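Architecture at a glance
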Amino acid sequence: MEGFVSRLGRLRAAHPVYRRRRFFSGRPVDRGDDAELPDIVWLRPDSAARTGTDWDNAFGRCIGVYLNGDGSPDCDDRRWEVEIHTGVPMASHFGAGEVVSVAARSTVVLRAADRI
């Protein structure tokens, strides 16, 4: 347990998105181009963005969240590294669009491979 908590502390220290001074707003972040991503996106199990009615559905026993730490560019071709996996890790990285299986009562934290 001590090692796991230590890893969480290092993860928080290494990534400014976990040390924000203000709450996320859900508003787009300006990246300097025409496309904008919100600063936070809540996801359904199929990775689509949740809508208001999704929060009331009984099948929604899984929740995902995308934290846009710095208005990063579109992630269509990124590789995602596994930072934390409280279940049985299936892989240490995933390509964009790959299915990530998460066991019941587990948490997986991914980060874009080209980020520190």
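Everything quoted here is computed from the prediction, not taken from an experiment.

**Let's talk about the sheet that holds strand 5 (residues 79-85)**
If you trace the three strands from one edge of the open sheet to the other, you get 6-5-7, paired in antiparallel fashion. Each edge of the open sheet is held by one strand with a lone partner, namely strand 6 (93-95) and strand 7 (108-112). Strand-to-strand twist across the sheet, computed as the mean angle between neighbouring axes with direction ignored, equals 35 degrees. Summarising the sheet, strand 5 and strand 7 pair through five bridges and their orientation is antiparallel. Among the inter-strand pairings, Trp 80 is bridged to a residue of strand 7, identified as Ala 112. Against the sheet, helix 1 (residues 2-14) contacts strand 5 and strand 7, and its axis sits at roughly 135 degrees relative to strand 5.

**Some details on the confidence of the model for the chain**
Mean pLDDT over the chain stands at 76; residues scoring 70 or higher make up 81%. Note on residues 72-76: pLDDT under 50 across the span, and 14 contacts to partners over four residues away in sequence or across chains.

**A few points about the pattern of salt bridges**
For the coordinates displayed, the defined rule picks out two salt bridges. With a closest N to O distance of 2.7 Å, Asp 46 and Arg 44 form a salt bridge. Asp 46 gets classed as partly exposed once you look at its relative accessible area, which sits at 46%. Overall, Arg 44 belongs to the partly exposed group, its relative accessible area being 25%. The partner of Arg 44 in a salt bridge is Asp 54, with the nearest N and O atoms 3.6 Å apart. Here the residue Arg 44 occupies a position in the loop between strand 3 (40-43) and strand 4 (64-67), and Asp 54 occupies one in the loop between strand 3 and strand 4, the gap between them amounting to ten residues. Via salt bridges that share partners, Arg 44, Asp 46 and Asp 54 belong to a single interconnected network.

What counts as what
Residues numbered from 1 in each chain as written. Predicted model: local features only at pLDDT ≥ 70, side-chain atom pairs only at ≥ 80, totals over all residues. Heavy atoms only, no water. Pairing = 2+ DSSP bridges. Helix = DSSP H or I, 4+ residues; strand = E, 2+ residues; numbered from the N terminus. Axes fitted to C-alpha atoms, helices over the stretch in contact; angles between N-to-C directions. Contact = heavy atoms within 4.5 Å. pLDDT = per-residue confidence, 0-100. Salt bridge = Lys/Arg side-chain N within 4 Å of Asp/Glu carboxyl O. Buried < 20%, exposed > 50% of the residue type's maximum accessible area, 1.4 Å probe, protein only.

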